[in-house]
Amino acid sequence: MGSNQFPTKENADHILDYLRQNNADIICLQEVRLNKRQIFDVANSKLPQISHMQLAHTSHEGGQLTLTRFPILNMGEIRFNNSGNMIIYTDILLNSDTVRVYNCHLQSYRLRPTEINSIDSMNFENQKKTMTQIKELSAKFKDAIIKRAEQAATLREHLNQCPYPVIVCGDFNDTPVSFTYRTVRGDLKDSFTDSGKGTANTYNGKLPSFRIDYILYSPKFTSYNFEVSSLNHSDHYPISCDLFPAEK
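Nothing here was measured: the structure is a model prediction, and the numbers come from that model.

Student: Residue-level account of the packing of aromatic side chains, with values.
Tutor: In this structure the tally under the stated criterion is 5 aromatic pairs. Measuring from centroid to centroid gives 4.7 Å for Phe172 and Tyr214, while their planes differ by 40°, and the two rings are tilted. Note that Phe172 is positioned in the loop between strand S7 (166-171) and helix H4 (179-185) and Tyr214 in strand S9 (residues 213-217), a separation of 42 residues in sequence. On the basis of relative accessibility, which here comes to 0%, the residue Phe172 falls in the buried class. According to the relative accessible area criterion, Tyr214 is buried, its value standing at 1%. An aromatic cluster is present here, built from Phe172, Tyr181 and Tyr214 joined pairwise through their rings.

Student: Outline the sheet that holds strand S2 (residues 52-57), listing residues and values.
Tutor: Spatially, S1-S3-S2 is the arrangement adopted by the 3 strands of the open sheet, whose pairing is antiparallel. Taken across any chain shown, the strands that pair with only one partner, and hence form the sheet edges, are strand S1 (26-33) and S2. Averaged over all neighbouring strand pairs, the angle between strand axes comes to 15°, with direction disregarded. The pairing of S1 with strand S3 (residues 62-68) spans 6 bridges and is antiparallel. Residue pairing for S3: Val32 is matched across the bridge by Gly63.

Reading guide: rules and limits
Residues numbered from 1 in each chain as written. Predicted model: local features only at pLDDT ≥ 70, side-chain atom pairs only at ≥ 80, totals over all residues. Heavy atoms only, no water. Phe/Tyr/Trp six-rings, centres within 6.5 Å; stacked < 30°, edge-to-face > 60°. Helix = DSSP H or I, 4+ residues; strand = E, 2+ residues; numbered from the N terminus. Buried < 20%, exposed > 50% of the residue type's maximum accessible area, 1.4 Å probe, protein only. Pairing = 2+ DSSP bridges. Axes fitted to C-alpha atoms, helices over the stretch in contact; angles between N-to-C directions.

Keep in mind these values describe shape, not function.
Below, the structure is given as structure tokens:
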């Protein structure tokens with residue numbers, strides 16, 4: 001779940017209420033506002049099932065947060081040059097096994113609301129202004145696509161070297177037909193493909209549309225009950241699923 005679009009205390013309280021009701025064993029959040037205003041007050045979140053957490057700041061305001069019921073054995077970060085996006089990974093003790101959870105936020109287009117609105121309202125009678133808008137948007141799209149591809153390749157290399165079964169969660173900012181998704185997924189399973197239905201649009205906005213948030217995992221697991229919640233207090237809809245050991 002991302003929470004950057006609506007950084008208010010009221011929205012944070014709604015998100016915390018959802019997390020309490022959902023009662024998940026593992027929670028991965030991206031772009032959590034954790035500044036001095038305590039918009040998302042982790043210390044007093046009162047999630048009864050959560051005993052352990054990993055936090056990494058991507059800016060002075062906040063960053064990524066992984067919360068879990070299970071003991072944490074090791075923590076790490078993957079940071080990217082010239083980007084405010086990152087990945088954190090958490091090795092947890094799941095029963096008697098070690099499982100690595102990746103909490104990912106890959107490069108976004110970083111479009112301002114005015115730029116998104118300009119796509120709908122381009123006036124082709126004013127060709128000079130329209131061409132300027134198209135060039136500016138094209139440059140942003142190109143930069144994001146290149147950075148995201150590099151980040152996906154870095155993550156895939158990290159996954160290839162991981163000695164444990166993995167769960168890969170987060171905001172890829174790209175669709176299931178993209179190079180980013182195919183590179184990261186590799187031989188991992190997709191919770192939506194295995195147990196979801198419909199189109200599973202996960203972004204609460206115009207761009208990028210469709211499914212851009214994922215829960216992927218090693219074939220050691222199988223998923224049930226993939227769901228996109230209708231919670232409307234972030235620019236992403238939260239996704240969830242139940243993971244169980246795969247039948248041998």
